[in-house]
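Fold and contact review
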Amino acid sequence: MISHEIKINFKEYNTLKELDKPNYDLCAEAVKAMKNSHSPYSKFRVGAALRLQSGKIIYGSNQENAAYPSGLCAERVALFHWGANHPDDPIEAIAVTAHSDEFEILQPVTSCGACLQVLAEYEKMYNKPIEIFLFCNNGPVWVMEGVESFLPFLFFENRLIS
Ligand code: THU
């Protein structure tokens, strides 16, 4: 038996103000994206913003449904919008944040596995890491250089062929 250990790297900033301007601005767009969150069931509003190579910003927010599994996370709303409308304009970075009126969110929200898997697919399209910014209202900002530092055992299409 061999026991393996995997380390992941990420940066932590105390506040958004420590980010450079383009990334600070992207985080501000993620805050704006929460406005259109449809989250009457969880009351957990999530906003995601993508910055494309051209500078264009794509917004996503979580969209819930009375038939619960029909809803979708903010990240995938933004990412699928990109895939459907702007696939020729590579994604440089994604910022994600969340807010609830019901309770305080003290730590950045880390994206679910399904969202990371979708992010990985699009990252692979251009073979360039997509920078990930996760933050909440008063807590730290976590920054990952690409999805693989986040989800080391990704599933890629090369596993689909023998
Ligand atoms: N949610 C997101 O939009 N992104 C995440 O990273 C985690 C969870 C949404 C899904 C659902 O609408 C609500 O948050 C509670 O899970």
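This structure is a prediction, so every number in the text was calculated from the model and none was measured.

Turning to the state of the cysteines, a few remarks are in order. Taken as a whole and judged by the stated rule, the model has zero disulfides. Not engaged in a disulfide, the cysteine Cys 112 finds its nearest cysteine sulfur in Cys 115; these two sulfurs lie 3.7 Å apart. A residue is classified by how much of its surface remains accessible, and Cys 115, at 1% relative accessible area, is buried.

Bringing the packing of aromatic side chains into the picture now. For the structure shown, the criterion picks out five aromatic pairs. Summarising the aromatic geometry, the rings of Phe 44 and Phe 103 are spaced 6.2 Å apart at their centres and angled 15 degrees between planes, so their arrangement reads as stacked. On the criterion of sequence distance, the pair formed by Phe 44 in the loop between helix 1 (21–33) and strand 2 (45–52) and Phe 103 in the loop between strand 4 (91–99) and helix 3 (113–126) is long-range, its members being 59 residues apart. A relative accessible area of 43% places Phe 103 in the partly exposed class. Seen in terms of ring centroids, Trp 82 and Tyr 126 are 6.5 Å apart; in terms of plane orientation they differ by 70 degrees. Their pairing is edge-to-face. In this pair, Trp 82 is assigned in helix 2 (residues 74–85) and Tyr 126 in helix 3, connecting sequence segments 44 residues apart. By relative accessible area, Trp 82 is classed as buried at 1%. Given a relative accessible area of 33%, Tyr 126 falls into the partly exposed group. Pairwise contacts between aromatic rings join Trp 82, Tyr 122 and Tyr 126 into one cluster.

Even without a glycine there, the phi angle at Lys 43 is positive, about 55 degrees. By relative accessible area, which is 40% here, Lys 43 ends up partly exposed.

All right, on to the sheet that holds strand 2 then. Ordered in space as 1-6-5-4-2-3, the six strands form an open sheet in which the pairing is mixed. In the strand order of this sheet, the two ends are held by strand 1 (11–13) and strand 3 (57–61), each with one partner. The average undirected angle you get between the axes of adjacent strands in this sheet is 20 degrees. Where strand 4 and strand 5 (residues 131–135) come together, five bridges link them in parallel fashion. Counted as the bridge partner of Ala 95 is Phe 133 from strand 5.

What follows concerns the site of the ligand. Close to the ligand lie Ser 42, Phe 44, Val 46, Asn 62, Glu 64, Cys 73, Ala 74, Glu 75, Val 109, Thr 110, Ser 111 and Cys 112. Taking Asn 62, its side chain carries an N or O atom lying 3.0 Å from an oxygen atom of the ligand. Within the contact set of the ligand, an oxygen atom lies 2.8 Å away from a backbone nitrogen or oxygen of Ala 74. Summarising the interface, the protein chains cover 75% of the accessible area of the ligand, which totals 370 Å² for the free molecule. Tallied by class, residues from the shell around the ligand come to six nonpolar, four polar and two charged.

Below, the discussion takes up the pattern of salt bridges. For the structure on display, the rule yields four salt bridges. With a closest N to O distance of 2.7 Å, Lys 21 and Asp 25 form a salt bridge. On the criterion of helical spacing, the pair formed by Lys 21 and Asp 25 is a turn pair, its members being four residues apart in helix 1. Taking the relative accessible area as the measure of exposure, Lys 21 reaches 58% and is therefore exposed. Judged by its relative accessible area of 29%, Asp 25 is partly exposed. Between Arg 51 and Glu 92 there is a salt bridge, with the nearest N and O atoms lying 2.9 Å from each other. In this pair, Arg 51 is assigned in strand 2 and Glu 92 in strand 4, connecting sequence segments 41 residues apart.

How each quantity is defined
- Residues numbered from 1 in each chain as written.
- Predicted model: local features only at pLDDT ≥ 70, side-chain atom pairs only at ≥ 80, totals over all residues.
- Heavy atoms only, no water.
- Disulfide = S-S within 2.5 Å.
- Buried < 20%, exposed > 50% of the residue type's maximum accessible area, 1.4 Å probe, protein only.
- Phe/Tyr/Trp six-rings, centres within 6.5 Å; stacked < 30°, edge-to-face > 60°.
- Helix = DSSP H or I, 4+ residues; strand = E, 2+ residues; numbered from the N terminus.
- Pairing = 2+ DSSP bridges.
- Axes fitted to C-alpha atoms, helices over the stretch in contact; angles between N-to-C directions.
- Near = heavy atom within 4 Å.
- Polar contact = N/O pair within 3.5 Å; in protein donor to acceptor, adjacent residues only side chain to side chain.
- Areas by Shrake-Rupley, 256 points an atom, 1.4 Å probe, with all protein chains shown as cover.
- Nonpolar A, V, L, I, M, F, W, Y, C, P; charged D, E, K, R; others polar.
- Salt bridge = Lys/Arg side-chain N within 4 Å of Asp/Glu carboxyl O.

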